[in-house]
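Structural overview
So the chains spell out like this:
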2 protein chains.
Amino acid sequence: MSSLSTQPEFSPRQNAVLDSALRLLVDGGERALTTAGVARAANCSKESLYKWFGDRDGILSAMIGYQASKVRTLEERAETLTVDSLRAHLVVFARDLLDVLSGDVSLALNRLAIGQASRDGSHLGQMLQERGRRQIGKRAGGLLDAGRRAGLLRFDNGEEAYGMLYGLVVTDLHLRMLLGEDMKLTKQDFSRRAERAVDAFLDLCGTKKQTAKP
Amino acid sequence: MSSLSTQPEFSPRQNAVLDSALRLLVDGGERALTTAGVARAANCSKESLYKWFGDRDGILSAMIGYQASKVRTLEERAETLTVDSLRAHLVVFARDLLDVLSGDVSLALNRLAIGQASRDGSHLGQMLQERGRRQIGKRAGGLLDAGRRAGLLRFDNGEEAYGMLYGLVVTDLHLRMLLGEDMKLTKQDFSRRAERAVDAFLDLCGTKKQTAKP
DNA sequence: GAAGAACCGTACCGTACGGTACTCATTTTG
DNA sequence: CAAAATGAGTACCGTACGGTACGGTTCTTC
């Protein structure tokens, strides 16, 4: 149905408009994201907005697609894994995951998509799921598979193992951030949180006893 | 600041109005929750709505408070815990947690509060957090503490242990449901999911080896 | 049973937004 | 250079919503 990787995306000018729109959304929430506001912030006319994106929903979809295209996940290179390097990679992944989920733009877009979820044909949630989680989940899946191939991890279902890791890392932090809870204190704790979550995950799915924890 | 347990709540008539409003919210999302719509659905006048609840935000707050008052968590009675009865209690708790989070009203209210999170003085998220999670977290905390006192669980920080349990049970299910993903299939799997999550949690924090898993 | 409060239904007002139409300047194209 | 296209800026329209005011009806209270 969709043209997938070869979709034409948008022109630089249109991307600049989408940047303005994202900025507007981050600063003021969905209520601030009016067509007139986007036009004013981007120094373009409303007519151009409708010509380029069709309607307001088209702008929202384009914003999600544009943002997703900006945060492409870097592919890990294959490497000979040891117990400690696997743990290190997992900690980096967990840390990155927390950073992504707590980012301004990510939170704003998730709030936007969630707000539209109860509408009829709102593919925004699906888009966000497809182009956000699926990407980062693929990165984790690769890492976990590599760990299993190296005999360092043991699990039946890769999806389930990833779910364990995700749950241990994120718990209910994402929801609390989406609800607007102040995370200034918690953010300083992300590294420790990532380490402890990975340690727990290795307790569950690791085959070798890791070096003693403090 | 707040009057806590002895707050006057609302009259039966007003609760009926709030029920209609919740119904409206569940069916049509926030856009359907207009003052005129609530008045029509509840067979009351807009003037009464403003008299009772102040303004639209007052209606939203009242809806959250009312819903929270309906799902009061039942207090577990103290009991001599064994390995198996602790596991059984934890599985029931996990199952209940999944059922609550996947409920229509819960999802609708969470979407509502998340949508308002980017507003200035939106205490809705805080309310939902305070009267929702805190309640169910207290139930889990009691259970975990009892398990520790019985020598069946080992953990330093109760909050952190609860976080582990929550993460293993819920993973990213809540977010996916909030984004509108179809959960017909997943819901049939809640019991198995609860069991496997509790087993993993006991692997992490349990002191005794549980009976063999299939 | 009369006085008064509570309340329903509706009409009304101001505002804000989505979307369209139009004018004029700038750029592109033959 | 002329013609065509592109796009900014603005004005405009219809609609929908939050909030208020008012007339009429039912319920309470003495």
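Residues numbered from 1 in each chain as written. Chains lettered and ligands numbered in written order. Predicted model: local features only at pLDDT ≥ 70, side-chain atom pairs only at ≥ 80, totals over all residues. Heavy atoms only, no water.

**With respect to the interface of chain A and chain B**
Every contact between the two is made by 34 residues of chain A and, on the other side, 34 residues of chain B. A buried area of about 3000 Å², summed over both sides, lies between chain A and chain B, and 62% of it is on carbon and sulfur atoms. Across the contact surface, chain A and chain B share four salt bridges. When the shortest N-O distance is used, the salt bridge between Glu 160 of chain B and Arg 196 of chain A registers 2.7 Å. It is helix α8 (residues 158-170) of chain A that provides the largest number of residues to the side of chain A that touches chain B, a total of six residues. Split by residue class, the side of chain A that touches chain B holds 12 nonpolar, 10 polar and 12 charged. (Contact = heavy atoms within 4.5 Å. Buried area = accessible area lost by both parts, 1.4 Å probe. Salt bridge = Lys/Arg side-chain N within 4 Å of Asp/Glu carboxyl O. Helix = DSSP H or I, 4+ residues; strand = E, 2+ residues; numbered from the N terminus. Nonpolar A, V, L, I, M, F, W, Y, C, P; charged D, E, K, R; others polar.)

**Here's the deal with the protein's contact with DNA strand C**
Taken together, 14 residues are adjacent to DNA strand C, and Lys 46, Glu 47 and Arg 56 of chain A together with Arg 13 and Ser 48 of chain B come closest. Sugar and phosphate atoms represent 57% of those atoms of DNA strand C found within 4 Å of the protein. Looking at side-chain class alone, the surface near DNA strand C contains three nonpolar, five polar and six charged residues. (Near = heavy atom within 4 Å.)

**With respect to the relation of the copies chain A and chain B**
Least-squares fitting of chain A to chain B yields an RMSD of 0.1 Å, with the transformation described by 0.0 Å of translation along the axis and a rotation of 180°. Each copy turns onto its partner about a two-fold axis. Taking C-alpha positions as the reference, the residue of chain A nearest the rotation axis is Gly 167 of chain A, at 1.9 Å. The share of interface residues of chain A whose copies in chain B are also at the interface is 100%, consistent with both copies meeting through the same surface. (Least-squares fit on C-alpha atoms with pLDDT ≥ 70 in both.)

**Some remarks on the environment of Leu 81 of chain A**
Residue and element names in this part refer to chain A. Looking at the secondary structure, you find Leu 81 in the loop between α4 (56-70) and α5 (83-101). Overall, Leu 81 belongs to the buried group, its relative accessible area being 17%. Sequence-wise, Leu 81 and Lys 184 are 103 residues apart; in three dimensions their C-alpha atoms are separated by 35 Å. (Buried < 20%, exposed > 50% of the residue type's maximum accessible area, 1.4 Å probe, protein only.)

**Some words on the protein's contact with DNA strand D**
For DNA strand D, the set of nearby residues contains 14 residues, the closest of which are Arg 13 and Ser 48 of chain A together with Lys 46, Glu 47 and Arg 56 of chain B. In DNA strand D, atoms within 4 Å of the protein come 57% from sugar and phosphate. Glu 47 of chain A is positioned such that a nitrogen or oxygen atom in its side chain is 3.5 Å from a base oxygen of DNA strand D. With respect to DNA strand D, the side chain of Ser 48 of chain A contributes an N or O atom lying 2.8 Å from a phosphate oxygen. Residue assignment for the surface near DNA strand D shows that the elements contributing at least two residues are α3 (46-53) of chain A together with α3 (46-53) of chain B. A per-class count over the surface near DNA strand D returns three nonpolar, five polar and six charged. (Polar contact = N/O pair within 3.5 Å; in protein donor to acceptor, adjacent residues only side chain to side chain.)

**Side note on helix α2 (residues 35-42) of chain B**
All names here are of chain B. Within α2, burial applies to Thr 35, Gly 37, Val 38, Ala 39 and Ala 42. Residues of α2 that are buried make contact with α1 (12-28) and α3. At the C-terminal side of α2, Asn 43 shows a positive phi close to 55°.

**Here's the deal with the UniProt feature "domain: HTH tetR-type" (unreviewed entry) in chain A**
Mapped onto this numbering, the UniProt entry gives "domain: HTH tetR-type" (unreviewed entry) at residues 11-71 of chain A. With 79% helix and 0% strand, residues 11-71 of chain A has end C-alpha atoms that lie 18 Å from one another. (UniProt positions renumbered as here; feature names shortened; annotations may be inferred.)

**Thoughts on the nonpolar core**
Counting 132 residues, the largest nonpolar core has Met 63, Leu 90 and Phe 201 of chain A together with Met 63, Leu 90, Leu 168 and Phe 201 of chain B as the members making the most contacts within it. Setting aside anything within four residues of it in sequence, one finds Leu 168 of chain B in contact with Met 164, Leu 168 and Leu 204 of chain A together with Ala 197, Ala 200, Phe 201 and Leu 204 of chain B. (Core = buried A, V, L, I, M, F, W, Y, C linked by side-chain atoms within 4.5 Å.)

**Topic: the packing of aromatic side chains**
All names here are of chain B. A complete count under the given rule lists seven aromatic pairs over all chains for this structure. Aromatic side chains Tyr 162 and Tyr 166 sit 6.2 Å apart centroid to centroid with 70° between the ring planes, which places their arrangement in the edge-to-face category. With Tyr 162 and Tyr 166 both in helix α8 (residues 158-170) and four residues apart, this pair spans about one turn of that helix. We classify Tyr 166 as buried; its relative accessible area is 7%. (Phe/Tyr/Trp six-rings, centres within 6.5 Å; stacked < 30°, edge-to-face > 60°.)

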